[in-house]
Amino acid sequence: PTYEDAAAFIEALVDEQRRADANRLDRIFQSATGWRPVLWGSILGYGSYHYKYETGREGYFLATGFSPRKSSLSVYIMPGYQDYSKILDRLGKHKTGKSCLYINKLADIDEKVLSELIRSALSDLNAMWSVHPS
């Protein structure tokens, strides 16, 4: 985490629509998690967890969050390998990566379904690694 001001990061976004979507996403994540955002580089993170693999590799990372990238809104849903297809089928227009959900604009999706996805993913993550509030 960089601990820079998350609100200032959002307000510095040049594109007006991206800034409006980022402000709305921040409210969605705060409502779904009950936590304030912490900046991890250019990612607004909500909560964190410490992981340790059987190989001994370990680290600390945000539990969920988003980044208002130029090309799309990148939503980080951990753990990325869970099957969320039943929720994603109801979300609206999006693309997926391993642990990311890509949305062009918030108007393309159902915000209530996104909140459900955030809560479900956090519950699954917390079952594997202890999630801590931010």
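Criteria and cut-off values
Along each chain, residue indices are assigned from 1 in the same order as the chain's sequence is written. Totals for whole chains, interfaces and linings use every residue, but because this is a predicted model, local features are given only for residues with pLDDT of at least 70 and side-chain atom pairs only at 80 or more, for both listing and counting. Side-chain metrics rest on all non-hydrogen atoms present in the structure, leaving aside hydrogens and water. A run of H or I in DSSP becomes a helix once it reaches four residues, and a run of E becomes a strand once it reaches two; helices and strands are each numbered from the N terminus. The buried label goes to any residue with under 20% of its type's maximum accessible area, the exposed label to any with over 50%, and the partly exposed label to all in between, with areas taken from a 1.4 Å probe on protein chains only. We call two residues contacting when some pair of their heavy atoms lies within 4.5 Å. Note on areas: Shrake-Rupley with a 1.4 Å probe; residue coverage comes only from the protein chains shown. Positive: Lys, Arg. Negative: Asp, Glu. His and the chain ends are not part of the count. For the purpose of locating charges, the reference atoms are NZ of Lys, CZ of Arg, CG of Asp and CD of Glu. The convention used is that axes are lines fitted to C-alpha atoms, helices contributing only their stretch in contact, and that angles between N-to-C directions extend from 0 to 180 degrees. To sort the angles, those under 35 degrees are grouped as roughly parallel, those over 145 as roughly antiparallel, those from 65 to 115 as roughly perpendicular, and the leftovers as oblique. Handedness of a crossing follows from how the near helix is turned relative to the far one, being left-handed for an anticlockwise turn of less than a right angle and right-handed for a clockwise one. Gly is put with the polar residues, along with every residue not named as nonpolar or charged; the nonpolar set is Ala, Val, Leu, Ile, Met, Phe, Trp, Tyr, Cys and Pro, and the charged set is Asp, Glu, Lys and Arg. The quantity called pLDDT is the predictor's confidence in a given residue, expressed from 0 to 100.

**Student:** Can you help me understand the overall build of the protein chain in this one?
**Tutor:** The number of helices and strands found in the protein chain is four helices and seven strands. Starting at the N terminus, the α and β elements of the protein chain follow one another as α-α-β-β-β-β-α-β-β-α-β. Dimensions of the protein chain, computed from the C-alpha atoms along their principal axes, are close to 45 × 35 × 25 Å. Each of the 134 residues in the protein chain was classed as buried or not, and the buried ones make up 45%. Partitioning the intrachain contacts of the protein chain with sequence separation of at least 6 by distance along the chain shows that 54% fall at a separation of at least 24. Approximately 7500 Å² of the protein chain is accessible, and the part contributed by carbon and sulfur atoms is 49%. If you average the places of the 17 positive and of the 16 negative side-chain charges in the protein chain, the two averages end up 2 Å apart.

**Student:** Explain the packing of helix α2 (residues 16-33) against helix α4 (residues 111-128) here, please?
**Tutor:** Relative placement of two packed helices is described by the angle separating their axes and the distance separating the axes. At a closest axis distance of 9 Å, the pairing of α2 and α4 adopts a crossing angle of 50 degrees. Taken together, the axis directions place α2 and α4 in an arrangement best described as oblique. Where α2 crosses over α4, the handedness of that crossing is right-handed. Here α2 contributes R24, L25, I28, F29, A32 and T33 to the contact with α4, which in turn contributes E111, L114, S115, I118, R119 and L122. Taken together, the residues of the contact of α2 with α4 sort by class into seven nonpolar, two polar and three charged.

**Student:** Would you mind going over the confidence of the model for the protein chain with me for this structure?
**Tutor:** In this model, the protein chain carries a mean pLDDT of 95, and residues with pLDDT of at least 70 account for 99%. The secondary-structure element of the protein chain with the lowest mean pLDDT is strand β5 (residues 95-96), recorded at 94, while α2 shows the highest, at 98.

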